[in-house]
Amino acid sequence: MAYDTDNIFARILRGEIPCNRVYEDDWALAFHDIRPQAPVHVLVIPKGPYVTLEDFTTQATTEEIAGFWRAVGTVARDLGLSADGYRFLANNGRHAHQEVMHLHVHLFGGCDLGGMIKRGLV
Ligand code: AMP
């Protein structure tokens with residue numbers, strides 16, 4: 001899928017739409033999800049134009065990949081999630097119901113998050 005430069009996260013990266021920012025560096029931007037599904041629900045996005053993990057891991061430079069994943073860990077730590085644990089999750093493509101077509105990792109925490117995935121899929 002081609003990258004749509006008007007997707008909402010691209011617009012946040014360009015500063016056209018505000019976000020509740022928690023972290024930014026050369027490789028990543030992190031901000032609170034607008035519809036939180038846990039006491040802490042933060043999104044971490046790479047700065048480059050990647051739709052999915054496939055795009056990212058085939059087209060991004062090693063520096064971008066390392067910088068992004070280091071930022072995910074930094075954000076979780078800075079949010080104070082490391083001691084009690086947290087979940088990081090990325091909806092990737094149609095079967096995962098990805099809504100925003102710019103790669104993003106959800107960080108959930110701040111409470112017991114329960115089981116990993118809806119039961120009964122297999
Ligand atoms: P998904 O693509 O299904 O992994 O989820 C996209 C996420 O982006 C959802 O949890 C939305 O609540 C969130 N979202 C959409 N627009 C914004 C926005 N402007 N600011 C922050 N979060 C957003």
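About the cut-offs
Residues numbered from 1 in each chain as written. Predicted model: local features only at pLDDT ≥ 70, side-chain atom pairs only at ≥ 80, totals over all residues. Heavy atoms only, no water. Core = buried A, V, L, I, M, F, W, Y, C linked by side-chain atoms within 4.5 Å. Buried < 20%, exposed > 50% of the residue type's maximum accessible area, 1.4 Å probe, protein only. Helix = DSSP H or I, 4+ residues; strand = E, 2+ residues; numbered from the N terminus. Contact = heavy atoms within 4.5 Å. Polar contact = N/O pair within 3.5 Å; in protein donor to acceptor, adjacent residues only side chain to side chain. Expected span 1.5 Å × (residues − 1). Phe/Tyr/Trp six-rings, centres within 6.5 Å; stacked < 30°, edge-to-face > 60°.

Caption draft 1: Region of interest: the nonpolar core. If you look at the biggest cluster of nonpolar residues, it comprises 18 residues, and the most contacted ones within it are V44, F68, V75 and L107. Where this core is concerned, the elements lending two or more residues are β2 (28-32), β3 (40-46), α3 (62-78) and β5 (105-109). In terms of residues, this core owes the most to one element, α3, which gives five residues. When neighbours within four sequence positions are excluded, V44 is seen to be in contact with A28, L29, A30, F68, V72, V75, L103, H104, V105 and L107. Grouped together as the second largest cluster of nonpolar side chains are seven residues, I12, F31, L43 and I45 included.

Caption draft 2: Seen up close, the side chain of T52. Inspection of the secondary structure puts T52 in the loop between β3 and α2 (53-59). What makes T52 buried here is its relative accessible area of 13%. A polar side-chain atom of T52 sits 3.3 Å from a polar atom in the side chain of E54. Excluding residues that lie within four positions of it along the chain, T52 makes contacts with N92, Q98 and L103.

Caption draft 3: Spatial organisation of α3. In this model α3 runs 24 Å from its N-terminal to its C-terminal C-alpha over 17 residues, within 8% of the 24 Å that 1.5 Å per residue would give. Among the residues trailing α3, G80 stands out with phi positive, at a value near 80 degrees.

Caption draft 4: Up close: the packing of aromatic side chains. Here the structure, examined in full by the defined rule, presents six aromatic pairs. Aromatic pair Y50 and F56: ring centres 5.2 Å apart, planes at 65 degrees, arrangement edge-to-face. Residue Y50 is classed as buried on the basis of its relative accessible area, which comes to 7%. Geometrically, the ring pair formed by Y86 and F88 is tilted, given 6.3 Å between the ring centres and 40 degrees between the ring planes. Accessibility expressed as a relative area gives 31% for Y86, which makes it partly exposed.

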